[in-house]
Amino acid sequence: MKFIYSLFILIAMPLTAFASESESAGAHMLWRVIDFIIFASLIVYLLRKPVANYFRNRKKQIFEEIENAKKAKEEAQQALNEAQSLLSKLSSEIENIINTYKQMGEKEKEDYANMAKELEEIFKKRLEQEKTMILNKAYKDFIDKVISKAITKAKQQFMALNNQDLRSINKRYFDYFGVEYDK
């Protein structure tokens, strides 16, 4: 059917041009109006369904886009609510973690303080032991020196003794142990 209208327009166009040359101005105007009516009718007939479909589809597409936008808005709002909920949970979780680590830090601080006290006691004991060892060594050295000097002094005094003094000492020694003394 479209083909027939297209053929009709192709035939009618040259006819209107031919008619405009041979007739008067009024007839010329009449052919122009007829030509316009045919052309407008043809345009309306040919383009009515595609234009109506276009606007119908466009209207449908616009409504779908509006619905999609509403759904997207709802999804975005839901995602925002979830994100805010998650953030509030995270902030409380962060506070819990911070508090946990503070408590762990306090416990470690106490443990280190206790460990320091234990080490202090161990060092005090070791210091006391070393002090005792040093004092014992010093006492032993002192006694050794005193004995050594006493022996040296005794040797000197013994060497300075004469025979009479030696006999007297020997007699006392033998008497002390109950042994008879031969002169």
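Counting starts from 1 at the beginning of each chain's written sequence and moves along it residue by residue. Totals for whole chains, interfaces and linings use all residues, but because this is a predicted model, local features are given only for residues with pLDDT of at least 70 and pairs of side-chain atoms are given and counted only at 80 or more. The side-chain figures draw on all heavy atoms in the structure; neither hydrogens nor water molecules are used.

**Side note on the overall build of the protein**
Alright, step 1. Helix and strand assignments follow DSSP, with helices taken as H or I runs no shorter than four residues and strands as E runs no shorter than two, numbered in order from the N terminus. The helix and strand tally for the protein stands at three helices and zero strands.
Alright, step 2. Listing every helix and strand of the protein by position from the N terminus yields α-α-α.
Alright, step 3. What sets the accessible areas is the Shrake-Rupley method with a 1.4 Å probe; for residues, cover comes only from the shown protein chains. Surface accessibility of the protein: about 16,900 Å² in total, with carbon and sulfur atoms responsible for 62%.

**What to know about a nonpolar patch on the surface**
Alright, step 1. Patch membership needs two things, relative accessible area over 30% and no salt bridge, and members are linked within 9 Å if like-charged or within 5 Å if nonpolar (Val, Leu, Ile, Met, Phe, Trp, Tyr). Salt bridges are defined as contacts in which a side-chain nitrogen from Lys or Arg sits within 4 Å of a carboxyl oxygen from Asp or Glu. Together, Phe39, Ile43, Leu47, Val51, Tyr54 and Phe55 make up an exposed nonpolar region whose accessible area comes to about 570 Å².
Alright, step 2. Inspection of the secondary structure assignment puts isoleucine 43 in helix α2 (residues 25-160).

**A closer look at the confidence of the model for the protein**
Alright, step 1. pLDDT is a per-residue confidence score from the predictor, ranging from 0 to 100. Mean pLDDT over the protein works out to 81, with 84% of the residues at or above the 70 mark.
Alright, step 2. Per-element averaging of pLDDT across the protein places helix α1 (residues 2-22) at the bottom with 56 and α2 at the top with 87.

**Overview of the pattern of salt bridges**
Alright, step 1. According to the stated counting rule, one finds four salt bridges in the structure shown.
Alright, step 2. With a closest N to O distance of 3.9 Å, lysine 131 and glutamate 128 form a salt bridge. Here lysine 131 and its partner glutamate 128 are both found in helix α2, three residues apart, which amounts to about one turn of the helix.
Alright, step 3. Each residue gets one of three labels from its accessible area relative to the maximum for its type: buried under 20%, exposed over 50%, partly exposed in between, using a 1.4 Å probe on protein chains only. Judged by its relative accessible area of 45%, lysine 131 is partly exposed.
Alright, step 4. For glutamate 128, a relative accessible area of 43% puts it in the partly exposed group.

**Focus on helix α3 (residues 163-177)**
Alright, step 1. Every helix has an expected span of 1.5 Å times one less than the residues it contains. A rise of 1.5 Å per residue sets the reference length of α3, with its 15 residues, at 21 Å; its end C-alpha atoms lie 21 Å apart and thus fit the reference within 8%.
Alright, step 2. Phi for glycine 178, located one or two positions after α3, is positive at around 75°.

**Some details on the packing of aromatic side chains**
Alright, step 1. Aromatic pairing here means that ring centres of Phe, Tyr or Trp (its six-membered ring) are within 6.5 Å. Orientation follows from the plane angle: under 30 degrees is stacked, over 60 is edge-to-face, and everything else is tilted. Evaluated as defined, the whole model comprises one aromatic pair.
Alright, step 2. Ring centres 5.3 Å apart and planes at 70° place the aromatic pair tyrosine 54 and phenylalanine 55 in the edge-to-face group. Taken as a pair, tyrosine 54 and phenylalanine 55 share a single burial class, namely exposed.

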